[in-house]
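These are the residues of each chain, in order.
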Amino acid sequence: MKRTPRLALHAAAVLLTVTSASEAVADDGAGPFGVTAVAAATAQNARVGALFAGKEHFCTASVVRSPHRDLLVTAAHCLDDSDDDLVFVPGYRDGRAPYGKWKVLKRYLPDGWSEAQDEDSDVAFATVEGDIQDAVGANRFVTGTATGATAVTVTGYPSSRDLPISCTNKPTAHSSTQQRIDCPEFTGGTSGSPWVNGNGQVVGVLGGHEQGGATPDVSYSVVLGAEAAALYRDVVC
C-alpha cells in the first residue's frame, strides 16, 4: 500500500547513484532505466505535487488538461476519505510551495471504487479552486495505450521526504487490467504519482494492485481503459 495518511515513514529513502554503466536511451525519453533519484525542479515536474491533509502530505497528484483548467488526477484510494480537507501543492520542495497551495473542491471516483473498492478502478480526479493549468501547465490524460509501448517517468512524493523522486522505466503487464513498473524506493505517499511518457501523456497512475504495491521497488497502475475514459469525460463535460 503506497498511501500513508498522517503517518510519516521513518526509514529514509535510499536513492541510487546514476552511473555511466546504467545509462540507456528510452523510447520517447532518456534513461537510465530503473534508477530512482531526486526529481529536478523543472517546469514539467511542477505539474506534479503533494496532497496534504492538515500538515502532512500523504499522496501525490498531478495536473491534467481540462476545459476548466482546474483538474488533477490521482489514485482513487487517495480521495476516498470524505472527512479530509485536502490541499494540493504543485512543485512542493523543502517545505516551500513555489506555485501556491490549491484547495481541493470536488472529487470524482469511479463506481467500481466507490461501490466495491475494486483495485481495477483505482484512479480518480479532483478539481481545485482556480486556474492551476495556467500556473503550472498540464499533461494530457490518455487512455487505451498499450502497456510498455514506451518508457514512462514516474514522479511522486514519499511521505518521509519533502522532495519529489522520479524514475524512468518500461511498464510491463501484471494482468489484463493492471500494469507494473520496477522502480526502487517508491514508498508510502507516492500513490497517485503520474506515469508520463515522452509525449507528455499520463498513461498510468500509481495505485491499483495492492493500492500501488506492497514493496517499495515494484509499483502498479490500473490499465487506463474504458472506465477511466468515461470518468474523465463525465468530469470535463
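The rules behind the values
- Numbering of residues starts from 1 in each chain and follows the order in which that chain's sequence is written.
- Whole-chain, interface and lining totals are the exception, using all residues; otherwise, since this is a predicted model, local features are given only for residues with pLDDT of at least 70 and side-chain atom pairs are given and counted only at 80 or more.
- For side-chain calculations, the full set of non-hydrogen atoms in the structure is used, while hydrogens and water are omitted.
- Only strands joined by at least two bridges in the DSSP assignment are considered to pair.
- Every helix listed is a DSSP run of H or I at least four residues long, and every strand listed is a run of E at least two residues long, numbered separately from the N terminus.
- Throughout, nonpolar core names a set of buried Ala, Val, Leu, Ile, Met, Phe, Trp, Tyr and Cys residues whose side chains join them through atoms within 4.5 Å.
- Relative accessibility thresholds used throughout: buried, under 20% of the residue-type maximum; exposed, over 50%; partly exposed, between the two (1.4 Å probe, protein chains only).
- Any two cysteine sulfur atoms lying within 2.5 Å of each other are counted as a disulfide.
- Note on aromatic contacts: the rings of Phe and Tyr and the six-membered ring of Trp form a pair at centre separations within 6.5 Å, being stacked when their planes are under 30 degrees apart, edge-to-face when over 60 apart, and tilted otherwise.
- Whenever a helix is involved, its axis is fitted only over the stretch in contact; in every case the axis is a line through C-alpha atoms, and angles between N-to-C directions fall within 0 to 180 degrees.
- Contact definition: two residues touch when any of their heavy atoms are within 4.5 Å.

A. Representation of the pairing of strand S8 (residues 102-108). In this structure, strand S7 (residues 86-90) lies alongside S8, joined through two bridges in antiparallel fashion. When the bridges of S8 are listed, Phe 88 appears paired with Trp 102. Of the pairings in the sheet, the one linking S8 to strand S9 (residues 124-128) comprises four bridges and is antiparallel in character. Bridge pairing in S9 places Tyr 108 opposite Phe 125.

B. Spotlight on the nonpolar core. By size, the foremost hydrophobic cluster in this structure holds 23 residues, and its most contacted members are Leu 51, Phe 58, Val 63, Leu 72, Phe 88, Val 128 and Ile 132. Of all elements in the fold, only strand S4 (48-53), strand S5 (56-64), S7, S8, S9 and helix H2 (132-136) reach the threshold of two or more residues within this core. Per element, the largest residue contribution to this core is four residues, and it comes from S5. Counting residues in each nonpolar core, the second largest holds 15 residues, with Leu 224, Ala 228, Leu 231 and Val 236 among its members.

C. Structural view of the state of the cysteines. Going through the model one piece at a time under the given rule, you end up with two disulfides. Each sulfur of the disulfide joining Cys 59 and Cys 78 lies 2.1 Å from the other. Disulfide Cys 59-Cys 78: the torsion about the S-S bond is -75°, which places it as left-handed. Of the two residues, Cys 59 sits in strand S5 while Cys 78 sits in the loop between strand S6 (71-74) and S7, which places them 19 residues apart along the sequence. There is no split in this pair, since Cys 59 and Cys 78 are both buried. Here Cys 167 is linked by a disulfide to Cys 183, with a sulfur-sulfur distance of 2.1 Å. Handedness here is read from the sign of the S-S torsion; for Cys 167 and Cys 183, about -80°, the answer is left-handed. Taken together, the residues span a long stretch of sequence, with Cys 167 in strand S12 (residues 165-169) and Cys 183 in the loop between strand S14 (178-182) and strand S15 (194-197) at a distance of 16 residues. For the pair shown, Cys 167 and Cys 183 are each scored as buried.

D. How the structure looks around the packing of aromatic side chains. What the rule picks out here adds up to five aromatic pairs. Here the aromatic rings of Phe 52 and Tyr 92 are separated by 5.1 Å at their centres, their planes lie at 80°, and the arrangement is edge-to-face. Within this pair, whereas Phe 52 is found in strand S4, its partner Tyr 92 is found in the loop between S7 and S8, the two being separated by 40 residues in sequence. When its relative accessible area of 10% is taken as the criterion, Phe 52 is described as buried. What makes Tyr 92 buried here is its relative accessible area of 9%. Seen in terms of ring centroids, Phe 125 and Tyr 232 are 5.7 Å apart; in terms of plane orientation they differ by 55°. Their pairing is tilted. Of this pair, Phe 125 sits in strand S9 while Tyr 232 sits in helix H3 (residues 226-236); the two residues are 107 residues apart in sequence, bridging distant segments of the chain. Exposure remark for Phe 125: the relative accessible area of 0% places this residue in the buried category. Three or more aromatic residues joined by ring pairs make a cluster, and in this case those are Phe 52, Tyr 92 and Tyr 157.

E. A look at the sheet that holds S14. With respect to topology, three strands assemble into an open sheet ordered S13-S14-S17, the strand pairing being antiparallel. Only two strands of the sheet have a single partner each, and these edge strands are strand S13 (172-173) and strand S17 (218-222). Sheet topology places S14 next to S17; five bridges connect them, and they run antiparallel. Considered in S17, the bridge of Arg 180 is made with Tyr 220.

F. Layout of the sheet that holds S9. Reading around the barrel, the six strands line up as S4-S5-S6-S9-S8-S7 and close back on themselves, with antiparallel pairing between neighbours. Pairs of neighbouring strands in the sheet enclose a mean axial angle of 45°, with direction left out of account. Pairing geometry for S5 and S6, over three bridges, is antiparallel. From the neighbouring strand, Val 63 faces S6, where its bridge partner is Leu 72. The sheet contacts of H3 involve S6, S8 and S9, and relative to S9 the element is tilted by about 20°.

Everything listed here is a matter of geometry and, on its own, says nothing about what the molecule does.
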